[in-house]
Amino acid sequence: MKYNKAGINAVENVEATIKALCLPLETERKFNGIINAIKMQIEDYEYTEEVVKALGQALLLFAGKYASRTEYDGLERVISEFEQRLIKNR
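Let me begin by describing the structure that accompanies this report. Just so you know, these numbers come straight off a predicted model, no measurement behind them.

## Section: the overall build of the protein chain
Okay, step 1: In terms of helices and strands, the protein chain carries four helices and zero strands.
Okay, step 2: Its helices and strands in sequence order give the protein chain the pattern α-α-α-α, from N to C terminus.
Okay, step 3: For 90 residues, the compact-globule estimate of 2.2 N^0.38 gives 12 Å, and the protein chain sits close to it at 13 Å.
Okay, step 4: Over its C-alpha atoms, taken along the principal directions, the protein chain stretches across nearly 35 × 25 × 20 Å.
Okay, step 5: Once local pairs closer than 6 in sequence are excluded, the contacts in the protein chain between residues at least 24 apart make up 71%.
Okay, step 6: Between the mean site of the 13 positive side-chain charges and the mean site of the 14 negative ones, the protein chain shows a separation of 2 Å.

Structure, rendered in structure tokens:
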């Protein structure tokens, strides 16, 4: 199996953005579960872009409950950048 290090590294910005929300541990763990699902999808290059995008949308839907509009917009931008970087490095 070839490991998608660039793809996993690209997820780090999404993780950092969520960490910056300073959420309670129980809530942050829910976000981390979605991020882990993204990592599992992309780690071996055998992923479907639609699945990764759906998981990104799940992060945004969940963030809508906990993030301010500014934080939400920042997360939306970071997720978009992640998706573009992922496509570029495929």
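## Description of the nonpolar core
Okay, step 1: Among the nonpolar cores identified, the biggest contains 26 residues, and V14, I38, I42, L59 and F82 are the most heavily contacted of them.
Okay, step 2: Counting residues per element, the ones that place at least two in this core are α1 (5–19), α2 (25–42), α3 (49–66) and α4 (69–88).
Okay, step 3: Here V14 is in contact with I35, L59, L75, V78, I79 and F82, once residues within four sequence places are set aside.

## Here we look at the packing of α3 against α4
Okay, step 1: With their axes 10 Å apart at the nearest point, α3 and α4 run at an angle of 170° to one another. When the axes of α3 and α4 are compared, the pair comes out roughly antiparallel. Contacts between α3 and α4 involve E49, V52, K53, G56, L59, L60, A63, G64 and Y66 from the first element and E71, Y72, L75, E76, I79, F82, E83, L86 and I87 from the second.
Okay, step 2: Among the residues making up the contact of α3 with α4, the classes are represented as 11 nonpolar, two polar and five charged.

## Focus on the packing of aromatic side chains
Two measures describe an aromatic ring pair: the distance that separates the ring centres and the angle between the ring planes.
Okay, step 1: Considering all chains together, one arrives at three aromatic pairs under this definition.
Okay, step 2: Pairing F31 with Y66 gives two aromatic rings, centres 6.4 Å apart and planes at 70°, and the pair type is edge-to-face. One end of the pair, F31, is in helix α2; the other, Y66, is in helix α3, with 35 residues separating them in the sequence.
Okay, step 3: What makes Y66 partly exposed here is its relative accessible area of 30%.
Okay, step 4: Geometrically, the ring pair formed by F62 and Y66 is edge-to-face, given 5.1 Å between the ring centres and 65° between the ring planes. Here the residue F62 and the residue Y66 both occupy positions in helix α3, the gap between them amounting to four residues, near one helical turn.
Okay, step 5: Three or more aromatic residues link up through ring pairs in this structure, and these residues are F31, F62 and Y66.

## Quick word on the pattern of salt bridges
Okay, step 1: This structure, assessed with the given rule, holds four salt bridges.
Okay, step 2: E28 is the partner of K19 in a salt bridge, and the nearest nitrogen-oxygen pair spans 3.2 Å.
Okay, step 3: For K19, a relative accessible area of 52% corresponds to the exposed category.
Okay, step 4: Classification of E28 as buried rests on a relative accessible area of 12%.
Okay, step 5: Its salt-bridge partner being R77, residue E81 comes within 3.2 Å of it at the nearest N-O pair. You can see E81 and its partner R77 sitting in helix α4, four residues apart, about one turn around the helix.
Okay, step 6: For R77, a relative accessible area of 47% gives the class partly exposed.

Rules used throughout
Residues numbered from 1 in each chain as written. Predicted model: local features only at pLDDT ≥ 70, side-chain atom pairs only at ≥ 80, totals over all residues. Heavy atoms only, no water. Helix = DSSP H or I, 4+ residues; strand = E, 2+ residues; numbered from the N terminus. Rg over C-alpha atoms; globule rule 2.2 N^0.38 Å. Contact = heavy atoms within 4.5 Å. Lys, Arg positive; Asp, Glu negative; His and termini not counted. Charge placed at Lys NZ, Arg CZ, Asp CG, Glu CD. Core = buried A, V, L, I, M, F, W, Y, C linked by side-chain atoms within 4.5 Å. Buried < 20%, exposed > 50% of the residue type's maximum accessible area, 1.4 Å probe, protein only. Axes fitted to C-alpha atoms, helices over the stretch in contact; angles between N-to-C directions. Parallel < 35°, antiparallel > 145°, perpendicular 65-115°, else oblique. Nonpolar A, V, L, I, M, F, W, Y, C, P; charged D, E, K, R; others polar. Phe/Tyr/Trp six-rings, centres within 6.5 Å; stacked < 30°, edge-to-face > 60°. Salt bridge = Lys/Arg side-chain N within 4 Å of Asp/Glu carboxyl O.

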